[in-house]
Amino acid sequence: MAKGKSDYFGLGYVVSLILCIIPVTNLVCSFITRLLEGKILAAILRIVLGWNIIWIADIISMIFRRRIIRILNI
């Protein structure tokens, strides 16, 4: 990962953090990010489970690691 870049489409860290904090944009952006990575099952799980625990884990992960959490990497 390049310095200054973050997980959502290569946007800057601050923009990605703002997108992560808003629940709807987090759901949509993380779903699209996982699809672009070729992880279809993980993208589907994002839609099903992404509005609760994964959203909070994404915020924490984005603050400390500057990337969304990857629970399922298939």
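About the thresholds
- Residues numbered from 1 in each chain as written.
- Predicted model: local features only at pLDDT ≥ 70, side-chain atom pairs only at ≥ 80, totals over all residues.
- Heavy atoms only, no water.
- Axes fitted to C-alpha atoms, helices over the stretch in contact; angles between N-to-C directions.
- Helix = DSSP H or I, 4+ residues; strand = E, 2+ residues; numbered from the N terminus.
- Parallel < 35°, antiparallel > 145°, perpendicular 65-115°, else oblique.
- Left-handed = near helix turned anticlockwise from the far one by under 90°.
- Contact = heavy atoms within 4.5 Å.
- Nonpolar A, V, L, I, M, F, W, Y, C, P; charged D, E, K, R; others polar.
- Buried < 20%, exposed > 50% of the residue type's maximum accessible area, 1.4 Å probe, protein only.
- Patch = residues over 30% accessible without salt bridge, like charges linked within 9 Å, V, L, I, M, F, W, Y side chains within 5 Å.
- Areas by Shrake-Rupley, 256 points an atom, 1.4 Å probe, with all protein chains shown as cover.
- Salt bridge = Lys/Arg side-chain N within 4 Å of Asp/Glu carboxyl O.

Student: Before we move on, could you go through the packing of helix H1 (residues 13-21) against helix H4 (residues 53-65) and cite the residues and values that matter?
Tutor: Close contact between H1 and H4 brings their axes to 9 Å; oriented N to C, the two are set at 165°. As judged from the angle between their axes, H1 and H4 are roughly antiparallel. Seen along the crossing, H1 lies across H4 with a hand that is left-handed. Along the contact surface, H1 presents Tyr 13, Ser 16, Leu 17, Cys 20 and Ile 21, while H4 presents Trp 55, Asp 58, Ile 59, Met 62 and Ile 63. In terms of residue class, the contact of H1 with H4 is built from eight nonpolar, one polar and one charged.

Student: Can you explain unusual backbone geometry? Please cite residues and give values.
Tutor: Look at Phe 9: it is not a glycine, yet its phi comes out positive at around 60°. Given the relative accessible area of 43%, Phe 9 is considered partly exposed. Phi at Arg 66 is positive, roughly 65°, even though this residue is not glycine. Position of Arg 66 relative to the elements: it lies in the segment after H4.

Student: How would you summarise a nonpolar patch on the surface if you had to cite specific residues and measurements?
Tutor: A cluster of nonpolar side chains, Phe 9, Leu 11, Val 14, Val 15, Ile 18, Ile 21, Ile 22, Val 24, Val 28, Ile 32 and Leu 36, forms an exposed patch at the surface whose accessible area comes to about 970 Å². Contributions of two or more residues to the nonpolar patch are made by H1 and helix H2 (23-36). Relative to the helices and strands, Leu 11 resides in the segment before H1.

By themselves, these are just geometric observations and shouldn't be taken as functional.
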